[in-house]
Amino acid sequence: MKKTLFATCLVVLLATLPAAAQVDFTNYVALGDSLTAGFASGSLMNWYQDRSFPAVLAQQAGAPVFEQPYISEPGVGPIFELVALAPTPIIAPVGLIPGQPTNAEYPYPYNNLGIPGADLYDMIFQTGDINNLLQGNFENVMFDIVLRNGINTALEQAIGLQPTFVTVWIGNNDVLGAVLSGTAIEGVTMTPVDIFAGLYSNTIGALYTNTSADIVLINLPYPTEIPFATTLDPWVDIPGVGRWYLVADTGVLTDADLVTLSAGDLIAQGYGLPGGPPLPDNLNIFTGEPGVVLRPDEVAAINAQVDAYNAAIAQAGAGFFSSVFDANALFSGIVSGQNVPTYGGVSLTADFLLGGIFSYDGIHPQRIGYAVLADNLIQFINAEYGNTIPRVNMAEVLFEGDWQTPGVSPAKARETVMSREALQQLLQLAPPKLDQAPRIRRPSPALPGDISRDPRRKPDMIP
Amino acid sequence: MITLNRMRFLAAAAVLISVPSLTWGSGFALFEAGARAGGMAGTMVAVGDDLSTLFWNPAGMAFQTNEGVQLMIGTTLIQPRQTFSGSSPYPGQGYTADQVEQTFFPVHLYLGIPVNDRLEVSFALHNPFGLGTEWDDDFLGNYISKKADLMVFDLGASMAYQLSENFAFGIGVDYMYTTIELTRDIGLINPFNQQLSTVAETTLKSDGINSAWAWNAGILWKMGAGFSFGASYRSEFTINGDGNASFTQVPTGNPEFDGLLGTIFPFNGTVPIEATINFPDFWNVGLAWQNEKWTISGQYGVMGWSVYQDLPIIFPENPEFSSVREENWDDAPQWRVGVELRANEHWSFRVGYLEDETPQPAAGMSPLLADATRQAYMGGLSYSTARFRFDIAYEDVDPEVRSTGGQSSDGFNGVYDADSPLLHMSLTFKF
């Protein structure tokens, strides 16, 4: 009888206990870069922020609060639009006047601490002050928008929030510069692996030590597989001439070379064509002008760098009992056709403009791509932690029209795939470290002193 | 620059990936070979005492030479119903749709002519495969299938010979003629609003003579004490069909995008297509016991659906649209039992039950065919005179409620719940 009573009590007790392994979304914080912020089509804008993968994840999981640094239309910088499709697609910002923060008075750190343009070092050490933005200083705009108080970094603010769950997707900008500049140089366009590995381990260690959150790490896709690098062919068909392989200042291109979207504007001016000047292959370290060609050895070097970063991410995950979501496999599966997202007989691809995954900047997803990512992350969390988060309703996503802004006139059409303004807007995301190399070259292995604070204290108030 | 070639590739992808399979129920086999057989679950392999044995076991005709010339004509009214309840990610939790109600009339027409008291020659026309599906215009599976019709006509000739008083065999040849029509929408991402948009409606339609030869054979052994044993085989066959595809543009509202699509899709006229479809073999063994009043019969059979591994659709003039769709079906076993009571010289009554396993993997379930293991209950009666018989039977086919389990290769997940009432009717004349 006693045994039966004990067993009954045990069953009742177990049944009433929450499943300890499940992720608790009561206080979810997303750390990362533009991909976490919901940046799309060259812009951080409220319409897309509401469709960022952390926002979708929080909504599906029923998180009671998920605050973001909303920017009004047309975003910062002004969002790109497709001005024309044929005969040559033309993409340009909708205007010159950016949107404004609409949630800057929120008295706590945001749940979405994704900062467009941030690399790993920035996430740990960089601060931002909303007053800069209010005074018209846009030099550090994304940090000012997201971090605001001029004191705490993104990592510090995340810890200060004492989250119950954290996603960390950082490192994309530690290698993206190599693609944007057409040049793979460790220390200039790519963060050295040993520095990345050390910083990453310390970062996750700080989160693990100073919070009680479940942590999901997201590894890095290959930036050589994004439409920015894969859309243009290394040749053009010229009437009367036939297939003409473009000429760069390092020689004639081959089918193995990648030509970035930056080349579109130059080709339209005659670069790389018969009788024209050659395309710049590599970054001009004196002027900062980007190269537009990735040779096979550069592609291999970039991918190897990503593999090394991902190994460091996996190691940190294992060391600090954090799960690692394989975004690299997800995206490579889409590119290779091995794991194509198919909904109702319609398959999405990584193709520019028509594939459905990527936005007009060729780098970031659009809302469909973010929803696909969120849906895969939900499946991962459900499998890994035993949650029962409902999957994303892709019918609602697929048939939803894109952002529209009545009254904003289309930008002036340019005879190129992407206008020069649009390209410059993009290049600011991961500029080559020509004049500030020491900042990432040999950072102190120590984290900011106040990071090991009392994990139970109240979140910082933001003035 | 974005080249037209890339646009063509994406448009082609939208065509191929959504080219549907030609699949319907229990695979898409039909067993509606006569109302008397229909009333006792088709358990005729070891019975073989009326013209419907031409489908189930041709050897049975050898024991009917004393019936004179026989003619059976009939049909089965089939009203398939199906409800789909969606799940996320597509078409989403809470989404439901009902298949448009349709009625189908597969026919059976049999003629048996005795040559002498041991040999009978017979001719048959029936539909061993077929059915169709149709969904409303606002159906979210419209990029997979909106409407589908497939029918296979089997025109057969056979002979049955009684080797001894208790043993007979039969063999036959079948000329299979197929008609197919499939309609669905084509969806592409509209680059101007990044929204999934319907850009065209396409119809694939067979034309010309899409046919193949097949054969069938069987034995029937009356073992004594009322027991009989039968076995039969119907061969597999392959339809190498020709047809055409038409594409009708659906304006998206963006003239620039629509204009570009007009340079990629052959919107004016039709383009030829070729398809290869493998149809399964079907073998059965049966055991029956009969006396003057009762017949009790059971049989076991297997349809060799494992031949249906893929479905190639070739566009000879538009190779970028060609595709091979994986199906990966398995062989499907089935059990049948039936009982008949001959109450008097005019009236007889029968009941039956069958179980028929699905050959279709969950990944292949789609609005075109969401097959499931099925049970069916049936009952029927006959009124007969010396020169005439009328058979009628009602059958309730009740497939299991089946979920795609999140595995749909079309990305269209949910639960299908179907049932089909069947009304079999046959008239038999003896001359």
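Conventions we followed
Residues numbered from 1 in each chain as written. Chains lettered and ligands numbered in written order. Predicted model: local features only at pLDDT ≥ 70, side-chain atom pairs only at ≥ 80, totals over all residues. Helix = DSSP H or I, 4+ residues; strand = E, 2+ residues; numbered from the N terminus. Buried ≥ 20, exposed ≤ 12 C-beta atoms within 10 Å, placed from the backbone. Contact = placed C-beta atoms within 7 Å. Rg over C-alpha atoms; globule rule 2.2 N^0.38 Å. Nonpolar A, V, L, I, M, F, W, Y, C, P; charged D, E, K, R; others polar. Axes fitted to C-alpha atoms, helices over the stretch in contact; angles between N-to-C directions. Parallel < 35°, antiparallel > 145°, perpendicular 65-115°, else oblique. Left-handed = near helix turned anticlockwise from the far one by under 90°. Pairing = 2+ DSSP bridges. pLDDT = per-residue confidence, 0-100. Core = buried A, V, L, I, M, F, W, Y, C linked by C-beta atoms within 7 Å. Expected span 1.5 Å × (residues − 1).

(A) Quick look at the overall build of chain A. From N to C terminus, chain A includes 18 helices and 15 strands. Residue burial in chain A is summarised as follows: out of 463 residues, 55% are buried. Considering only intrachain contacts with a sequence separation of at least 6, the fraction spanning at least 24 residues in chain A is 75%.

(B) Local environment of the overall build of chain B. Secondary structure assignment for chain B yields four helices and 22 strands. Here chain B has a C-alpha radius of gyration of 24 Å; the compact-globule value for 431 residues is 22 Å, and the two agree. Considering only C-alpha atoms, chain B reaches an extent of 85 × 40 × 30 Å along its principal axes. Per-residue burial for chain B yields a buried fraction of 51% across its 431 residues.

(C) Structural detail: the interface of chain A and chain B. On the chain B side, the residues contacting the 39 residues of chain A number 36 residues. Looking at the side of chain A that touches chain B, the elements with two or more residues in it are strand S2 (80-84), strand S14 (342-343), strand S15 (346-347), helix H15 (367-385) and helix H16 (394-398) of chain A. With four residues, the top contributor of residues to the side of chain A that touches chain B is H16 of chain A. Its residues assigned to classes, the side of chain A that touches chain B shows 19 nonpolar, 13 polar and seven charged.

(D) Molecular detail of unusual backbone geometry. Here the amide bond leading from Glu-73 of chain A into Pro-74 of chain A is cis, since omega sits at 5°, within 30 degrees of zero. For Pro-74 of chain A, the location among the structural elements is in the loop between helix H4 (53-61) and S2. For the bond running from Ser-88 of chain B to Pro-89 of chain B, omega is 10°, close enough to zero to count as cis. Along the polypeptide, Pro-89 of chain B turns up in the loop between strand S2 (81-86) and strand S3 (96-98). In this structure, Ser-41 of chain A takes a positive phi of about 50° despite not being glycine. Secondary-structure assignment places Ser-41 of chain A in the loop between helix H2 (34-37) and helix H3 (46-49). On the basis of neighbour count, Ser-41 of chain A is assigned to the buried category, with 29 C-beta atoms found within 10 Å. For Phe-321 of chain A, which is not glycine, the phi dihedral falls at a positive 50°. Position of Phe-321 of chain A relative to the elements: it lies in the loop between helix H13 (296-319) and strand S13 (323-325). The class for Phe-321 of chain A is exposed, based on 10 C-beta atoms found within 10 Å.

(E) View of the packing of helix H10 (residues 193-210) of chain A against H13 of chain A. Residue and element names in this part refer to chain A. Closest axis-to-axis distance for the H10/H13 pair is 9 Å, and the angle between their directions is 25°. Taken together, H10 and H13 sit at an angle that is classed as roughly parallel. Here H10 and H13 pass one another in a crossing that is right-handed. Where H10 approaches H13, its residues Val-193, Phe-196, Ala-197, Tyr-200, Ser-201 and Ile-204 are matched on the opposing element by Gln-305, Ala-308, Tyr-309, Ala-312, Ile-313, Ala-316 and Gly-319. Partitioning the contact of H10 with H13 into residue classes produces 10 nonpolar, three polar and no charged.

(F) The arrangement of the pairing of strand S22 (residues 414-430) of chain B in detail. Residue and element names in this part refer to chain B. In terms of strand pairing, strand S1 (residues 70-78) meets S22 through nine bridges, oriented antiparallel. The residue bridging Leu-77 from the neighbouring strand is Leu-423, located in S22. Pairing analysis gives six bridges linking S2 to S22, with the strands arranged antiparallel. Considered in S22, the bridge of Gly-86 is made with Gly-414. In terms of strand pairing, strand S20 (residues 388-399) meets S22 through 10 bridges, oriented antiparallel. Residue Asp-391 lies in a different strand from S22, and its bridge partner there is Ser-426. Sheet topology note: the strand S21 (residues 402-403)/S22 ladder contains two bridges and is antiparallel. Paired with Ser-403 across the strands is Val-415, a residue of S22.

(G) Looking closely at the confidence of the model for chain B. Residues and elements named next belong to chain B. Across chain B, the average pLDDT comes to 91, with 94% of residues at or above 70. A low-confidence stretch, residues 16-25 stays under pLDDT 50, and its non-local contacts, those more than four residues away or across chains, total 39 contacts. The ipTM value of the predicted complex is 0.87, and its pTM value is 0.86.

(H) Local environment of the nonpolar core. All names here are of chain A. Within the largest apolar cluster, 225 residues are counted, with the highest numbers of intra-cluster contacts made by Leu-31, Ala-154, Ala-158 and Ala-374. The element that contributes the greatest number of residues to this core is H15, accounting for nine residues. Those residues within four positions of Ala-154 in sequence are excluded, and the remaining contacts are Leu-31, Leu-113, Ile-115, Ala-118, Met-123, Val-146 and Leu-147.

(I) Quick peek at H13 of chain A. Residues and elements named next belong to chain A. Along its 24 residues, H13 runs 34 Å from first to last C-alpha, staying within 8% of the 34 Å computed at 1.5 Å per residue. For H13, the complete set of buried residues consists of Glu-298, Val-299, Ile-302, Gln-305, Val-306, Tyr-309, Asn-310, Ala-312, Ile-313, Ala-316 and Gly-317. Of the residues one or two after H13, Phe-321 is the one with positive phi, at around 50°.

(J) Representation of the sheet that holds strand S1 (residues 28-32) of chain A. Residue and element names in this part refer to chain A. In space, the five strands of this open sheet follow the order S4-S1-S5-S6-S13, with parallel pairing throughout. Every other strand in the sheet has two partners, leaving strand S4 (112-114) and S13 as the edge strands with one partner each. In this sheet, neighbouring strand axes are inclined to one another by 20° on average, regardless of whether the strands run parallel or antiparallel.

(K) Focus on the pairing of strand S4 (residues 107-114) of chain B. Residue and element names in this part refer to chain B. Where burial is concerned, the two faces of S4 differ: the one with His-108, Tyr-110, Gly-112 and Pro-114 is buried and the one with Val-107, Leu-109, Leu-111 and Ile-113 is not. Across six bridges, S1 lies against S4 in antiparallel orientation. What sits directly across from Ile-73, in S4, is Leu-109. Direction of pairing for S4 relative to strand S5 (residues 119-134): antiparallel, over a ladder of seven bridges.

(L) Looking closely at the environment of Thr-83 of chain B. All names here are of chain B. Along the chain, Thr-83 turns up in strand S2. Judged by C-beta crowding, with 15 C-beta atoms within 10 Å, Thr-83 ranks as partly exposed. When the C-alpha positions of Thr-83 and Tyr-416 are compared, they lie 5.8 Å apart, and in sequence the two are 333 residues distant. Excluding anything up to four places from it in sequence, Thr-83 contacts Thr-96, Asp-98 and Asp-417.

(M) Spotlight on the confidence of the model for chain A. Residues and elements named next belong to chain A. Chain-level statistics for chain A give a pLDDT mean of 86 and a share of 83% at 70 or above. pLDDT under 50 marks residues 405-416. Its contacts with residues more than four places away, or in other chains, come to 28 contacts. Across residues 434-463 the pLDDT falls below 50, and counting only partners more than four positions away or on other chains, this stretch makes 52 contacts in the model.

(N) Region of the structure containing the environment of Tyr-110 of chain B. Residue and element names in this part refer to chain B. Tracing the sequence through the fold places Tyr-110 in strand S4. Classification of Tyr-110 as buried rests on a count of 26 C-beta atoms within 10 Å. As for Tyr-110 and Leu-125, which are separated by 15 residues in sequence, their C-alpha atoms are 6.4 Å apart. Those residues within four positions of Tyr-110 in sequence are excluded, and the remaining contacts are Leu-51, Leu-54, Met-72, Ser-122 and Ala-124.

(O) Seen up close, the packing of H4 of chain A against H15 of chain A. Residues and elements named next belong to chain A. Packing of H4 against H15 leaves a shortest axis separation of 8 Å and a crossing angle of 50°. The orientation of H4 with respect to H15, classified from their angle, is oblique. For the element pair H4 and H15, the recorded crossing hand is right-handed. Between H4 and H15, the contacting residues are Phe-53, Val-56, Leu-57 and Gln-60 on the first element and Tyr-370, Ala-371, Leu-373, Ala-374, Leu-377 and Ile-378 on the second. Broken down by class, the residue content of the contact of H4 with H15 amounts to nine nonpolar, one polar and no charged.

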